[in-house]
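# An overview of the molecular structure
In case you want the letters, here they are:
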Amino acid sequence: MNGDRVALVTGCGKPDGMGQAIARALAGRGLAVVVTDVAPTGVSNRQQEGRSTGWGGLEALVAEITEAGGTASGVLGDVAVEADAERMVGAAVERHGRLDVLVNNAAAPQGPDRADVADIPAEVFDRVLAVNLRGPWLMSRAAVPVMRAQRWGRIVNISSMAGLTAAPSSGPYSASKAGVIGLTRALAMDLGPWGITVNALCPGLVGTSRAFLTSGPDVDEAAVLRQRGRAIPVGRVGLPEDVAAAVAFLASPEAGYITAQAIPIDGGGMSPFPLRHPEPVADGAQPR
């Protein structure tokens, strides 16, 4: 039963991000969720300017979950700052008396880190590592005493296929996401005897603002994603809800024998070879 479980999800401020989908999925399964971000609507990726217009950020997410019958609250903080990490975990425990699930989803915004190694300033590299790797470590360190006392917990870290395979112009990001996988495996060794599992999900191409390294007003992003999806065996790019469903399973009691894993969520990967596709379904017909 999930009725008394409590989850804290970082990086929930963006309207098209994985954090909001993860929070909704967990709330829909009966968990009380505490949603966080460094700013009410997050920090925009390079190709996200203007996309948050009309979006109320964490406050709107909390309201929508509550109106749907769930339990939610928000707290602001920077996962890369030790005091903030401890405060955010403390807020969840103070409000609900426990913390069962920690989802380390927050990531540094995409921008000047996506460049050739010779063109990335050291401070940009440091910031990406601080948010993407130091952040999950600090949040986990703050949550572990609570979970150990309960003899139960789930930590789900959002890594990336960029942490498993090579990605051009993504040195800081790839390094940080590979580090998340190493951190996941080490924490799983330390925490397993207390009934705490730790796993990493490695999304491939997901249709958020991070899918575009370059863009512009004349680019039909939906068409680009459809075309790129044709190189993926399942025939489409991922959705935030695809990642959220995997998080919800790993956060459940049923996933108690799965730990220390780095699990690709990539639709089968990007094939270098042409893939066969079925004929379009006729209008009004339903796929079997």
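Attention here is on the structure that accompanies the text. It should be emphasised that the depicted structure is a prediction, and the values quoted were computed from it without experimental measurement.

Conventions used here
- Residues numbered from 1 in each chain as written.
- Predicted model: local features only at pLDDT ≥ 70, side-chain atom pairs only at ≥ 80, totals over all residues.
- Heavy atoms only, no water.
- Helix = DSSP H or I, 4+ residues; strand = E, 2+ residues; numbered from the N terminus.
- Expected span 1.5 Å × (residues − 1).
- Contact = heavy atoms within 4.5 Å.
- Buried < 20%, exposed > 50% of the residue type's maximum accessible area, 1.4 Å probe, protein only.
- Phe/Tyr/Trp six-rings, centres within 6.5 Å; stacked < 30°, edge-to-face > 60°.
- Lys NZ or Arg CZ within 6 Å of the ring centre and 35° of its normal.
- Pairing = 2+ DSSP bridges.
- Axes fitted to C-alpha atoms, helices over the stretch in contact; angles between N-to-C directions.
- Polar contact = N/O pair within 3.5 Å; in protein donor to acceptor, adjacent residues only side chain to side chain.
- Parallel < 35°, antiparallel > 145°, perpendicular 65-115°, else oblique.
- Left-handed = near helix turned anticlockwise from the far one by under 90°.
- Nonpolar A, V, L, I, M, F, W, Y, C, P; charged D, E, K, R; others polar.
- Right-handed = clockwise from strand over helix to strand, strands pointing away.

## What to know about helix α3 (residues 82-96)
When the terminal C-alpha atoms of α3 are compared, their 22 Å separation across 15 residues agrees well with the 21 Å that a helix rising 1.5 Å per residue should span. Where the residues of α3 are buried, they touch β1 (6-9), β2 (32-37), β3 (72-76) and α4 (122-150). Phi turns positive one or two residues past the end of α3, at Gly 97, with a value near 80 degrees.

## As for helix α1 (residues 18-28)
Burial runs high along α1: nine of the eleven residues are buried. Buried residues of α1: Met 18, Gly 19, Gln 20, Ala 21, Ile 22, Ala 23, Ala 25, Leu 26 and Ala 27, and no others. Following α1 by one or two positions, Gly 30 has its phi on the positive side, about 95 degrees.

## Details of the packing of aromatic side chains
All told, the structure shown has zero aromatic pairs when counted by the stated rule. For the cation-ring pair, Arg 5 lies above Trp 152, with the distance from its terminal atom to the ring centre recorded as 3.8 Å. Seen from the ring of Trp 194, Arg 148 lies directly overhead, with NZ or CZ sitting 4.2 Å from the centre.

## Examining the sheet that holds strand β4 (residues 101-104)
Spatial ordering of the open sheet is given by β3-β2-β1-β4-β5-β6-β7, a layout of seven strands whose pairing is parallel. Each having just a single partner strand, β3 and β7 (262-265) make up the two edges of the open sheet. Here the strands of the sheet are splayed against their neighbours by 20 degrees on average, with no regard to which way each runs. Where strand β5 (residues 153-158) lies against strand β6 (residues 196-203), six bridges are found, and the strand directions are parallel. Bridging across to β6, Arg 154 finds its partner in Thr 197. Running over the sheet, α3 touches β1, β2 and β3 and is turned about 155 degrees from β3.

## As for unusual backbone geometry
Of note in the backbone geometry, Ser 169 takes a positive phi value of approximately 55 degrees without being a glycine. On the secondary structure map, Ser 169 appears in the loop between β5 and α5 (171-191). The class of Ser 169 is partly exposed, set by a relative accessible area of 38%. Backbone geometry places Ala 260, a non-glycine residue, at a positive phi of 65 degrees.

## Considerations on the side chain of Asn 132
Mapped onto the elements, Asn 132 comes out in helix α4. A polar atom in the side chain of Asn 132 sits 3.1 Å from the side chain of Ser 176. Excluding anything up to four places from it in sequence, Asn 132 contacts Ala 106, Ala 107, Ala 108, Tyr 173, Ser 176, Lys 177 and Val 180.

## Points about the packing of α1 against helix α7 (residues 240-250)
The N-to-C vectors of α1 and α7 enclose an angle of 45 degrees; their axes lie 8 Å apart at closest approach. In terms of orientation, α1 and α7 fall into the oblique class. In this structure, the crossing between α1 and α7 has a hand that is right-handed. Here Met 18, Gln 20, Ala 21, Ile 22, Ala 25 and Leu 26 of α1 come into contact with α7, specifically with Pro 240, Glu 241, Val 243, Ala 244, Val 247 and Ala 248. Each residue belonging to the contact of α1 with α7 can be placed in one class, and the counts come to ten nonpolar, one polar and one charged.

## Focus: the packing of α1 against helix α2 (residues 57-67)
Packed helices, taken two at a time, are described by the angle between their axes plus the distance between the axes. It is the contact of α1 with α2, at a shortest axis distance of 10 Å, that shows an interaxial angle of 25 degrees. As the angle between them shows, α1 and α2 are arranged roughly parallel. Crossing handedness for the pair α1 and α2: right-handed. The residues of α2 that touch α1, namely those facing Gln 20, Ala 23, Arg 24 and Ala 27, are Leu 61, Glu 64 and Ile 65. In the contact of α1 with α2, the residues fall into four nonpolar, one polar and two charged.

## As for the pairing of β2
By the criterion of burial, β2 is predominantly enclosed, with six of the six residues buried. Across the two faces of β2 the burial is the same, with Ala 32, Val 34 and Thr 36 and Val 33, Val 35 and Asp 37 all buried. The pairing of β1 with β2 spans four bridges and is parallel. The partner of Ala 7 across the bridge, within β2, is Val 33. Tracing the backbone out of β1, into α1 and back to the parallel element β2 gives a crossover that is right-handed. Strand direction decides the pairing type here: β2 and β3, joined by five bridges, are parallel. Paired with Thr 36 across the bridge in β3 is Val 75.

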